[in-house]
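Spelled out, the chains give:
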Amino acid sequence: MNQWEEAKKKYDGIPIPEELEKRVQAAIGASAEKRAAAGQLTLTRQTKRELAGRSLTRRRLAGRGLAAAAAVTLVFTALVNTNTAFAETVNGIPVIRTVARLLTFQSYERAERDYKLTVEVPGVELTGQDAKGLESFVNGQIQAQCDAYAEAAVERAEAYKKAFLDTGGTQEEWEAHQIEIHVWYELKAQSEDYLSFVVHGTENWNSASSGSVYYNLDLRQKKLITLKDLLGEDGIRKAEESVKAQMKQMEAEQGITFWEPEEGAAVVSDETSFYINEAGNPVVVFEKYEIAPGSAGEITFEIERER
């Protein structure tokens, strides 16, 4: 079980503060008014109500010290990336198009004497026929993972502090560590067919607990994309062959020593993390320590698609 999964289990047991919904609803309304006034987003009253309703159903903040903390500030920002997937026209009748927006749905910061926590939660907004089911599912997953990772990272930092002080360290020495926890996201690629991005969680004192979750959305089919979807029926086998060939090249050119997989285990499977690059090719991702010593860092392999 990886760090995200462990964090998710802890998250599921967190109660929702009763005052949170009122604060969130007020923040959403104020943000929508400002964006509409600035010409960035036009919302009808009905749209505002629907947006607030969707947001509240997928928003849960960590109760123990995160959502209830006075230092936590909610910031709803303007759109940071927009793409319109123009639908093809059949016999002069346009098909309903899909618009995909990746935005900072929520950000909050908590500064303590012991650590600094910064969280930026992305959100996906999809318009078009049958798009809302995918939007709700993805945003629910993102919110849970971001909040849960942040809470688990704070718990790890507090445990680290206790061990440090118990073994002779002083408070002044501890503060010099400048512990930082950061959750943020990164857009990888976007086209009229897909949206690919990643959510990161890092701790500057504990790289083993860092993690990333990749999201690849098919904007035409309104679903999450798998490696098999991109590479075809025999795609996983071809991806395995490509990765092994690239490993040999990296061993020869960069001196990286890759670990041998367990007997019968594949290097690449349909569960392997990946993102889609600007060329439309999947890039499989192996985190630090996953297939090689930590000194190699994160390792990626681009898989050429057959067009």
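Computed from a predicted structure; not experimentally measured.

### Observations regarding the pattern of salt bridges
Right, so step 1: Going through the model one piece at a time under the given rule, you end up with 14 salt bridges.
Right, so step 2: The partner of Arg-101 in a salt bridge is Glu-125, with the nearest N and O atoms 3.8 Å apart. One end of the pair, Arg-101, is in strand 4 (residues 98–111); the other, Glu-125, is in strand 5 (residues 115–127), and 24 residues separate them in sequence.
Right, so step 3: Of the residues examined, Arg-101 reaches a relative accessible area of 25% and is grouped as partly exposed.
Right, so step 4: Looking at Glu-125, the relative accessible area reads 16%, which means it is buried.
Right, so step 5: Residues Lys-132 and Glu-135 are paired through a salt bridge, measuring 3.1 Å at the closest nitrogen-oxygen approach. Note that Lys-132 and Glu-135 are positioned in helix 4 (residues 132–166) at a spacing of 3 residues, about one turn of the helix.
Right, so step 6: Glu-135 gets classed as buried once you look at its relative accessible area, which sits at 0%.
Right, so step 7: The structure contains a network of salt bridges with shared partners spanning Glu-192, Asp-193 and Arg-220.

### Focus: unusual backbone geometry
Right, so step 1: Positioned with a positive phi, Gln-178 is a non-glycine residue whose angle comes to about 50°.
Right, so step 2: Within the fold, Gln-178 resides in the loop between helix 5 (171–175) and strand 6 (179–190).
Right, so step 3: Under the relative-accessibility criterion, Gln-178 is labelled exposed at 59%.
Right, so step 4: Here the phi dihedral of Lys-222 falls at roughly 60°; this positive angle occurs in a residue that is not glycine.
Right, so step 5: Checked against the element boundaries, Lys-222 lands in the loop between strand 8 (211–218) and strand 9 (223–224).

### Comments concerning the environment of Ile-299
Right, so step 1: Note on placement: Ile-299 falls in strand 12 (residues 299–302).
Right, so step 2: In sequence terms Ile-299 and Val-284 are 15 residues apart; their C-alpha atoms lie 8.5 Å from each other.

### Considering the sheet that holds strand 11 (residues 282–286)
Strand pairing in a sheet relies on backbone hydrogen bonds. The paired strands run either parallel or antiparallel.
Right, so step 1: Strands sit in the order 10-11-12 across an open sheet of 3 strands; the sheet is antiparallel. Each of the sheet's edge strands pairs with one partner strand only, and the pair in question is strand 10 (274–276) and strand 12. Recorded for the sheet is a direction-independent mean angle of 25° between the axes of neighbouring strands.
Right, so step 2: With 3 bridges connecting them, strand 10 and strand 11 associate as antiparallel partners.

### A short note on helix 4
Right, so step 1: Helix length check: helix 4, at 35 residues, gives a terminal C-alpha distance of 51 Å against a target of 51 Å (1.5 Å per residue), a fit within 8%.
Right, so step 2: Just downstream of helix 4, Gly-168 is the residue with a positive phi angle, here 105°.

### Structural notes on the packing of aromatic side chains
Right, so step 1: In this structure the tally under the stated criterion is 7 aromatic pairs.
Right, so step 2: Between Tyr-160 and Trp-174, the ring centres sit 5.1 Å apart and the planes meet at 75°, which makes this aromatic pair edge-to-face. Of this pair, Tyr-160 sits in helix 4 while Trp-174 sits in helix 5, and the two are 14 residues apart along the sequence.
Right, so step 3: What makes Tyr-160 partly exposed here is its relative accessible area of 27%.
Right, so step 4: Centre to centre, the rings of Phe-197 and Tyr-215 are 5.2 Å apart; their planes meet at 15°, and the pair counts as stacked. Of this pair, Phe-197 sits in strand 7 (residues 194–203) while Tyr-215 sits in strand 8, placing them 18 residues apart in sequence.

Cut-off values and rules
- Residues numbered from 1 in each chain as written.
- Predicted model: local features only at pLDDT ≥ 70, side-chain atom pairs only at ≥ 80, totals over all residues.
- Heavy atoms only, no water.
- Salt bridge = Lys/Arg side-chain N within 4 Å of Asp/Glu carboxyl O.
- Helix = DSSP H or I, 4+ residues; strand = E, 2+ residues; numbered from the N terminus.
- Buried < 20%, exposed > 50% of the residue type's maximum accessible area, 1.4 Å probe, protein only.
- Pairing = 2+ DSSP bridges.
- Axes fitted to C-alpha atoms, helices over the stretch in contact; angles between N-to-C directions.
- Expected span 1.5 Å × (residues − 1).
- Phe/Tyr/Trp six-rings, centres within 6.5 Å; stacked < 30°, edge-to-face > 60°.

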